[in-house]
Amino acid sequence: ECPLCLLPQPPQAFPSLASCHHRSCRGCLEQYLRLAIGESRVPVACPHCPAALQPVDVHRLLPEPALRDKYEEFLLRRLLAADPSTRWCPAPGCSYAVIAHGCAECPRLACGREGCGTEFCYHCRQPWHPDSPCATTAPGLASPRLEPSAQGETLAQGGSGLGRAEAEDIKVCPRCSAFITKINDGGCNRMSCPVCGCLFCWLCLREISDVHFLSPSGCTFWGKRPWSRTRRLLWQLGMVLGAPMVISLVVGIAVPVITIGIPIYMGRKVLAGGPGSRRSNLSGCQQCLSVTSSVLLSLIVSPIITAVTV
């Protein structure tokens, strides 16, 4: 039975996938690929898990040559968008990509597409401006309002589809320069670009790691503004001076409590045998030996527990 359409199928109707072990019937996989490629969700994930389907499987399952060509185009654009050296031609209707290495000192680029030849800037990715500095804001961000999308945390917009928006609610991905709008729903400032997959901070617009919001950058996981300079200095001072003091205090309390407390607890536990217990039938010498052995054993074990705890 196919887990997608819930219909019984012969065994040969379930093609194997190179990416994972999940199985679905061919008809469901073909329809799933049509929808995913039509929505430009490339690379296409397995319908049952996050594993990306291999291109050889996609070509084998897609019967239409036009869909296969569109899949290759989307896959190529996704790979180019993830490359920080890629620059897209800003001319209307031109989707030519220029891979520019070491062009920071000479930022003048030219589109290599036949019949285009548009010259643009390597830094701001806008038409070439020999007599003026790079624009500090991306084009289209001065529009007053934008209707937010309720479908997700981020939304990539084209240059002509910005609509009505607050300027501070639309920013540019630091890697691929796609327009991103953040829905004001109380979400965090850790953003993921839906075009190139770049993880960046909404406040400082820098690519980030998992420790960015714990660093002295002043960016907060939640909130609309980074910390002030005074708060950042107080945070750094507290981390430098306060953290060693707190750790020393915890270690100073935990080490003697665990090292001394465990043997005392074990000795009292062994000694406190009730009338119906097996220890009540032992002689005084045997009880003393039992208590002593448990205390000695706990003295050996307690340093290990203390080390693991610290």
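Small disclaimer: the values here were computed from a predicted structure and weren't measured.

### Some points on the overall build of the protein
Reasoning step 1: When you go through the protein residue by residue, the secondary structure sums to five helices and nine strands.
Reasoning step 2: Starting at the N terminus and walking to the C terminus, you meet the elements of the protein as α-α-α-β-β-β-β-β-β-β-β-β-α-α.
Reasoning step 3: Within the protein, the fraction of its 310 residues that count as buried is 29%.
Reasoning step 4: Taking all contacts inside the protein whose residues are at least 6 apart in sequence as the whole, residues at least 24 apart take part in 39%.
Reasoning step 5: Just so you have it, the protein exposes about 19,400 Å², and 61% of that area is on carbon and sulfur atoms.

### A few points about the packing of aromatic side chains
Reasoning step 1: Going through the model one piece at a time under the given rule, you end up with zero aromatic pairs.
Reasoning step 2: The lysine or arginine in question, Arg 87, covers the ring of Tyr 122, its NZ or CZ lying 4.1 Å from the ring centre.

### Some details on unusual backbone geometry
For residues that are not glycine, phi is negative in most cases, and the peptide bond is trans in most cases.
Reasoning step 1: In this structure, Pro 43 follows Val 42 across a cis peptide bond, with omega equal to 0°.
Reasoning step 2: Along the chain, the position of Pro 43 falls in the loop between α1 (26-38) and α2 (55-61).
Reasoning step 3: Backbone geometry at Leu 6 places phi at a positive 60°, although glycine is not the residue there.
Reasoning step 4: Within the secondary structure, Leu 6 is located in the segment before α1.

### Some remarks on the nonpolar core
Reasoning step 1: Formed by 18 residues in total, the largest nonpolar core has its most connected members in Leu 33, Val 44, Leu 53 and Tyr 71.
Reasoning step 2: Of all elements in the fold, only α1, α2 and α3 (65-81) reach the threshold of two or more residues within this core.
Reasoning step 3: In terms of residue count, α1 provides more of this core than any other element does, five residues in total.
Reasoning step 4: Apart from residues no more than four positions distant in its own chain, Tyr 71 is found in contact with Ile 37, Val 42, Val 44, Leu 53, Pro 55, Val 58 and His 59.
Reasoning step 5: Counting residues in each nonpolar core, the second largest holds eleven residues, with Cys 173, Ile 180, Met 191 and Cys 196 among its members.

### Considerations on the UniProt feature "transmembrane region" (unreviewed entry) in the protein
Reasoning step 1: In the UniProt entry, the feature "transmembrane region" (unreviewed entry) is given for residues 234-267.
Reasoning step 2: A helix fraction of 100% and a strand fraction of 0% characterise residues 234-267, whose end C-alpha atoms lie 48 Å from each other.

Calculation notes
Numbers given for residues are sequential positions, taken from 1 along each chain in its written order. Local features in this predicted model are restricted to residues of pLDDT 70 or higher, and side-chain atom pairs are both shown and tallied only at a pLDDT of 80 or more, whereas totals for entire chains, interfaces and linings draw on every residue. Note that the side-chain values use all heavy atoms of the structure and ignore hydrogens as well as water. Helix and strand assignments come from DSSP, with helices taken as H or I runs of at least 4 residues and strands as E runs of at least 2, each series counted from the N terminus. In this scheme, a residue with accessible area under 20% of its type's maximum is buried, one over 50% is exposed, and one in between is partly exposed, where area comes from a 1.4 Å probe on protein chains only. Contact between two residues is taken to exist if any of their heavy atoms lie within 4.5 Å; hydrogens are not considered. Each accessible area is a Shrake-Rupley estimate made with a 1.4 Å probe; only the visible protein chains count as cover when residues are assessed. Classification of ring pairs uses Phe, Tyr and Trp, with its six-membered ring standing for Trp, and accepts pairs whose centres are within 6.5 Å; under 30 degrees between planes counts as stacked, over 60 as edge-to-face, and the remaining range as tilted. Lysine and arginine charges are scored as sitting over a ring when NZ or CZ, respectively, is within 6 Å of the ring centre and within 35 degrees of the ring normal. Residues belong to one nonpolar core when they are buried, are Ala, Val, Leu, Ile, Met, Phe, Trp, Tyr or Cys, and are joined through side-chain atoms within 4.5 Å. UniProt positions are given in the numbering used here, feature names are shortened, and annotations may be inferred rather than shown by experiment.

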